[in-house]
Amino acid sequence: MVPLTELWLAIIISAALVFVASSVIHMLLKYHQSEYRKLPYEAKLLEAMRTVGVPRGTYSFPRAADYKDMSSPEMVEKYNRGPVGMITVMQNGPPAMGKYLTMWFIYCLVIGVFAAYLAGRTLSPGEEYLQVPTGVPRRGNSRFSWLRRRPGPGRHLDGAIVERHDQKCG
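The shown structure was predicted, so the numbers you read here are calculated from the model rather than taken from an experiment.

Q: Where do I start with the overall build of the protein in this structure?
A: When helices and strands are tallied, the protein shows 6 helices and 2 strands. Along the protein, helices and strands appear, N-terminal first, in the series α-α-β-α-β-α-α-α. A total of 170 residues make up the protein; the buried ones form 18% of that total. Summarising the internal contacts of the protein: among those between residues at least 6 apart in sequence, 69% fall at separations of at least 24.

Okay, here's the thing in C-alpha cells:
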C-alpha cells in the first residue's frame, strides 16, 4: 500500500497531461465541432425566446406534465409532429472560458486523486512494471466516463465501453 501523500506529483502531472490533451483534442483538432450546428432561423427563434423571457435552465420539448401523460394521444401527436429536443439556456454574455477551464482542471485533479487512491490501495511499492501503466489509467479512465454525464447521442455508452473493458482485462 502506497500513501496518497507520496503520489501528489503523479496526481498533478496526470491532471496537467489530461488537461493539455483535452485542449488539443477540442481546440486544435476540433473533435466536437460537428456535434453543434446552427439552428435554422436562429434570429427568429432567439427573438421569440427574448419576447417570452425564457429564464436560464435546461428544457425539453414537448414536455409532458408527468410520465403518465407521455403516452396520452395528445403527447404522442406532439412527439410525432416534432420537433423533439432539449435546449439549455445559459446566462447572457460571452462564455467565461477561464472559469470553465479552471473547473475542468480541478475536475482532472479530483479524478487523479481517486486514481492515485485506487493505485495506492491496490498496488504495493515495487509492483511489477506493467501493472501501473495498464491498470491505473484504465480504472482512472473508467471513473472519468462514469462521472461524466453529458446529453446527446451515445450518452448511454459513456461508461459502458470502459467498464466492459475493465471486466475483460482486470
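Q: Before we go on, may I ask you to explain the side chain of Ser-72 in this structure?
A: Along the chain, the position of Ser-72 falls in the loop between strand 1 (57-61) and helix 3 (73-81). A relative accessible area of 17% means that Ser-72 is categorised as buried. One polar contact links the side chain of Ser-72 to the main-chain carbonyl oxygen of Asp-69, over a distance of 2.8 Å.

Q: Help me understand the packing of aromatic side chains in this model?
A: We describe a pair of aromatic rings using the distance from one ring centre to the other and the angle between the two ring planes. Per the counting criterion, the structure on display carries 2 aromatic pairs. Ring geometry for Phe-19 against Phe-105: centres 5.7 Å apart, planes inclined by 90°, an arrangement best described as edge-to-face. Taken together, the residues span a long stretch of sequence, with Phe-19 in helix 1 (residues 8-28) and Phe-105 in helix 4 (residues 97-122) at a distance of 86 residues.

Q: Quick question: what am I supposed to make of the confidence of the model for the protein here?
A: Segments scoring low in pLDDT should not have their predicted coordinates read at a detailed level. Per-residue pLDDT for the protein averages 79, and the proportion of residues at 70 or more is 75%. Predicted confidence for residues 152-170 stays below pLDDT 50, and this span has 20 contacts to residues more than four positions away or in other chains.

Q: Looking at this structure, how should I read a nonpolar patch on the surface?
A: A cluster of nonpolar side chains, Val-20, Val-24, Ile-25, Met-27, Leu-28, Leu-29 and Tyr-31, forms an exposed patch at the surface whose accessible area comes to about 720 Å². Within the fold, Ile-25 resides in helix 1. Residue class for Ile-25 comes out partly exposed when judged on its relative accessible area of 35%.

Q: Mind showing me how you'd approach the pattern of salt bridges here?
A: Between side chains of opposite charge, pairing is possible as soon as their charged atoms come close. As enumerated under the stated definition, the model contains 1 salt bridge in all. Of the charged contacts in the structure, one is a salt bridge between Arg-50 and Glu-47, with a shortest N-O distance of 3.2 Å. Of this pair, Arg-50 and Glu-47 both sit in helix 2 (residues 42-52), 3 residues apart, which is roughly one turn of the helix. Given the relative accessible area of 54%, Arg-50 is considered exposed.

Q: So what exactly am I meant to see when it comes to the environment of Cys-108 here?
A: Mapping Cys-108 onto the fold places it in helix 4. A relative accessible area of 2% places Cys-108 in the buried class. Once the C-alpha coordinates of Cys-108 and Ser-14 are considered, the two residues, 94 residues apart in sequence, prove to be 8.0 Å apart.

Q: Could you clarify how one ought to interpret the packing of helix 1 against helix 4 in this entry?
A: The relative placement of two packed helices is expressed as an angle between their axes plus a distance between the axes. Between helix 1 and helix 4, whose axes approach to 8 Å, the crossing angle comes to 135°. One finds that helix 1 runs oblique with respect to helix 4. As helix 1 packs across helix 4, the resulting crossing turns out to be right-handed. Where helix 1 approaches helix 4, its residues Ile-11, Ile-12, Ser-14, Ala-15, Ala-16, Val-18, Phe-19, Ser-22 and Met-27 are matched on the opposing element by Leu-101, Trp-104, Phe-105, Cys-108, Leu-109, Gly-112, Val-113 and Ala-116. Of the residues belonging to the contact of helix 1 with helix 4, the class tally is 14 nonpolar, 3 polar and no charged.

Q: Sorry if this is basic, but what is going on with unusual backbone geometry here?
A: With the exception of glycine, most residues fall at negative phi, and the peptide bonds are largely trans. Residue Pro-62 follows Phe-61 across a cis peptide bond; omega there is -15°. Put simply, Gly-82 and Pro-83 share a cis peptide bond, and its omega is -5°. For Pro-83, the location among the structural elements is in the loop between helix 3 and strand 2 (85-89).

Parameters at a glance
- Residues numbered from 1 in each chain as written.
- Predicted model: local features only at pLDDT ≥ 70, side-chain atom pairs only at ≥ 80, totals over all residues.
- Heavy atoms only, no water.
- Helix = DSSP H or I, 4+ residues; strand = E, 2+ residues; numbered from the N terminus.
- Buried < 20%, exposed > 50% of the residue type's maximum accessible area, 1.4 Å probe, protein only.
- Contact = heavy atoms within 4.5 Å.
- Polar contact = N/O pair within 3.5 Å; in protein donor to acceptor, adjacent residues only side chain to side chain.
- Phe/Tyr/Trp six-rings, centres within 6.5 Å; stacked < 30°, edge-to-face > 60°.
- pLDDT = per-residue confidence, 0-100.
- Patch = residues over 30% accessible without salt bridge, like charges linked within 9 Å, V, L, I, M, F, W, Y side chains within 5 Å.
- Areas by Shrake-Rupley, 256 points an atom, 1.4 Å probe, with all protein chains shown as cover.
- Salt bridge = Lys/Arg side-chain N within 4 Å of Asp/Glu carboxyl O.
- Axes fitted to C-alpha atoms, helices over the stretch in contact; angles between N-to-C directions.
- Parallel < 35°, antiparallel > 145°, perpendicular 65-115°, else oblique.
- Left-handed = near helix turned anticlockwise from the far one by under 90°.
- Nonpolar A, V, L, I, M, F, W, Y, C, P; charged D, E, K, R; others polar.

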